[in-house]
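Topology and contacts: notes
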Amino acid sequence: MNDALAARWRREFPIVDTCTYLVSHSLGAMPRRAVENVHAFADTWMTRGVRAWSEGWWEIGRAAGDLLAPIVGAPPGSISMHQNASVAQAIIGSCFRYAGRRRKIVMTALEFPTNIYVFEGFRRYGAEIVLVPGQDAIRTNLERLLDAIDDETVLVPLSLVLFRSSYIQDARAVIAKAHRAGAHVILDIYQAAGVIPIDLTELGAAFAVGGSVKWLCGGPGAGYLYVRPDLGRTLEPAFAGWAAHADPFAFEAAAIRYADPPERFQSGTPNVPAVYAARAGYEIVAEIGVAAIREKSLRLTRRLIERAIAAGFRVNTPLGDDERAGAVIVDVPDGDAAAQELIRRGVIVDYRPGAGIRLSPHFYNTGEEIDYAMDVLTDIVGE
Ligand SMILES: Cc1ncc(COP(=O)(O)O)c(C=O)c1O
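The rules behind the values
Residues numbered from 1 in each chain as written. Predicted model: local features only at pLDDT ≥ 70, side-chain atom pairs only at ≥ 80, totals over all residues. Heavy atoms only, no water. Pairing = 2+ DSSP bridges. Helix = DSSP H or I, 4+ residues; strand = E, 2+ residues; numbered from the N terminus. Axes fitted to C-alpha atoms, helices over the stretch in contact; angles between N-to-C directions. Near = heavy atom within 4 Å. Polar contact = N/O pair within 3.5 Å; in protein donor to acceptor, adjacent residues only side chain to side chain. Areas by Shrake-Rupley, 256 points an atom, 1.4 Å probe, with all protein chains shown as cover. Nonpolar A, V, L, I, M, F, W, Y, C, P; charged D, E, K, R; others polar. Core = buried A, V, L, I, M, F, W, Y, C linked by side-chain atoms within 4.5 Å. Buried < 20%, exposed > 50% of the residue type's maximum accessible area, 1.4 Å probe, protein only. Contact = heavy atoms within 4.5 Å. Salt bridge = Lys/Arg side-chain N within 4 Å of Asp/Glu carboxyl O. Lys, Arg positive; Asp, Glu negative; His and termini not counted.

**So, the sheet that holds strand β3 (residues 104-108)**
Spatially, seven strands are ordered β2-β8-β7-β6-β5-β3-β4 in an open sheet, and the strand pairing comes out mixed. With partners counted over all chains shown, the strands left at the sheet margins are β2 (79-82) and β4 (128-132), one partner each. On average, each strand axis in the sheet is inclined to that of its neighbour by 20°, with strand direction left out of account.

Next comes the structure, spelled out in structure tokens:
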């Protein structure tokens with residue numbers, strides 16, 4: 001296997017020399033560059049104090065959003081930064097009314113729970129929540145989902161990649177149906193950004209949300225929100241703060257006058273240290289290119305699947321490359337205990353009930369690591 005990517009990048013991610021790190025669907029490895037950035041944040045705070053706000057801190061969200069934009073196919077000025085994806089979802093939810101005929105929020109029951117929890121909360125504002133059962137634990141029932149989107153639908157939160165199975169949903173079909181019905185899709189790209197190519201502009205999604213913890217190797221606290229440029233200026237989030245004001249330092253005591261996007265969707269003070277850290281991951285992913293990451297990811301996940309099937313394990317991830325993102329879910333008897341034992345032996349993975357052990361190679365992993373992880377898992381199950 002040509003492992004030029006691993007050879008080039010492993011030194012930048014110290015943790016990969018200490019264990020077999022196969023958990024980037026949960027927490028991507030920390031780049032050395034992020035350590036430098038966090039130090040730079042601390043130095044700036046210590047030496048520049050309050051002057052730092054006018055020396056880059058106040059606009060840090062916009063700058064980080066512009067760094068992320070090419071990775072997800074978004075234009076500059078379309079992404080704002082938030083604490084996490086849940087907050088970003090809530091901000092979008094707060095742009096709409098849930099009264100009269102059009103008040104449905106439609107999604108699959110396989111969504112990441114935060115999407116369900118956030119919008120369940122909107123029932124008190126009049127929203128009707130429609131949860132469409134999956135075809136099984138791995139795939140969406142696309143036909144039923146499309147049927148459920150009608151002219152009473154306001155929003156369709158949709159994970160581009162399902163967290164439990166790594167299944168790539170047919171966002172194009174859902175967006176097309178939503179547009180015909182006059183509804184908006186909020187694409188949750190958390191499990192996709194940084195590992196599969198995404199072109200938000202080409203997809204035409206109204207909104208996208210996600211975070212930096214996983215495949216972007218950006219650490220916690222740097223969630224993001226994309227709003228399609230033609231839509232941005234027409235929306236007025238009720239969940240807003242002073243950083244979303246057209247003139248925040250006028251400190252007006254009246255209803256908000258909205259800034260233009262992306263600040264319009266910002267709430268209050270930006271999460272400066274998290275954004276400092278996250279930029280390192282964005283730069284590295286952009287430098288490598290998502291196409292190269294995807295090519296390697298497919299090679300390694302194929303190898304993982306081959307090994308799992310050869311060992312007689314059940315694979316709860318689509319086998320076809322077109323349907324599968326970066327993680328592979330392997331179901332073995334007593335999976336929770338097996339995952340704990342893998343971790344104890346230095347193979348870092350996680351376990352999700354109803355799915356199995358999630359393993360995910362990223363650009364810094366090698367084929368040898370896949371073989372090692374599967375050897376260890378086979379031993380554990382044999383024991
Ligand atoms: C698809 C998806 N959406 C959202 C989240 C998390 O959302 P938040 O940033 O609010 O923690 C995750 C994982 O943690 C996820 O896999």
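Next comes the rest of the account.
**Things to note about the site of the ligand**
Taken together, Asn84, Ala85, Ser86, Phe112, Thr114, Ser159, Phe163, Asp188, Tyr190, Gln191 and Lys214 make up the full set of residues near the ligand. Contacts to the ligand include Ser86, whose side-chain N or O atom sits 2.5 Å from an oxygen atom. Taking Lys214, its side chain carries an N or O atom lying 2.9 Å from an oxygen atom of the ligand. Burial of the ligand by the protein amounts to 84% of the accessible area it has alone, namely 400 Å². Residue composition of the shell around the ligand, grouped by class: four nonpolar, five polar and two charged.

**Thoughts on the nonpolar core**
Formed by 68 residues in total, the largest nonpolar core has its most connected members in Leu160, Leu187, Ile189, Tyr282 and Phe363. Once you skip the residues sitting within four places of it in the chain, Leu187 turns out to touch Leu158, Leu160, Ala171, Leu200, Leu203, Ala205, Phe207, Ala208 and Val209. Counting residues in each nonpolar core, the second largest holds 30 residues, with Ala90, Ala127, Leu225 and Phe265 among its members.

**A short note on the environment of Ile129**
Looking at the element boundaries, Ile129 is found in strand β4. As a C-alpha pair, Ile129 and Ile116 span 13 residues in sequence and 8.7 Å in three-dimensional space. When sequence neighbours within four positions are dropped, the list of residues in contact with Ile129 reads Ile105, Met107, Phe119, Glu120 and Arg123.

**Remarks on the pairing of strand β8 (residues 223-227)**
Across the five residues that make up β8, a large majority, five, are buried. Side chains of β8 alternate between two faces, with Gly223, Leu225 and Val227 and Tyr224 and Tyr226 buried alike. Across four bridges, β2 lies against β8 in antiparallel orientation. Bridge pairing in β8 places Ile79 opposite Tyr226. Across four bridges, strand β7 (residues 207-210) lies against β8 in antiparallel orientation. The residue bridging Gly210 from the neighbouring strand is Tyr224, located in β8.

**Remarks on the pairing of β7**
Alternating positions in β7 separate into two faces, Phe207 and Val209 on one and Ala208 and Gly210 on the other, with burial throughout. Of the strand pairs in this sheet, strand β6 (residues 184-188) and β7 are connected by three bridges, and their pairing is parallel. Counterpart to Ile186 in the pairing with β7 is Phe207.

**Regarding the pattern of salt bridges**
Under the definition given, this model contains 28 salt bridges. With a shortest N-O distance of 2.7 Å, Arg228 and Asp230 are connected by a salt bridge. Of the charged contacts in the structure, one is a salt bridge between Glu341 and Arg344, with a shortest N-O distance of 2.8 Å. Note that Glu341 and Arg344 are positioned in helix α12 (residues 335-344) at a spacing of three residues, about one turn of the helix. A relative accessible area of 62% means that Arg344 is categorised as exposed. A single salt-bridge network, built from bridges that share partners, covers Arg101, Lys104, Asp150, Asp151 and Glu152.

**Here we look at the sheet that holds strand β13 (residues 356-359)**
Within a sheet, neighbouring strands are paired by backbone hydrogen bonds and run either parallel or antiparallel to one another. An order of β9-β10-β13-β12 is seen for the four strands of this open sheet, with the pairing classed as antiparallel. If you trace the sheet from one side to the other, it starts and ends with β9 (314-315) and β12 (350-352), each paired once. Pairing geometry for strand β10 (residues 328-331) and β13, over three bridges, is antiparallel. Within β13, the position partnered with Val330 by the bridge is Ile357.

**Topic: the side chain of Glu12**
Its place among the elements puts Glu12 in the loop between α1 (4-9) and β1 (20-21). Although buried, Glu12 forms no salt bridge, and the nearest oppositely charged side chain, Arg33, lies 4.3 Å from it.

**Some words on unusual backbone geometry**
Of the consecutive residues Pro261 and Pro262, the connecting peptide bond is found in the cis state with omega at 0°. Of note, the phi angle at Ser166 is positive, near 70°, even though the residue is not glycine. Taking the relative accessible area as the measure of exposure, Ser166 reaches 3% and is therefore buried. Unusually for a residue other than glycine, Phe251 sits at a positive phi of about 50°. For Phe251, the position within the fold is in the loop between α9 (229-232) and α10 (272-288). Look at Phe251 and you get exposed, because its relative accessible area is 58%.

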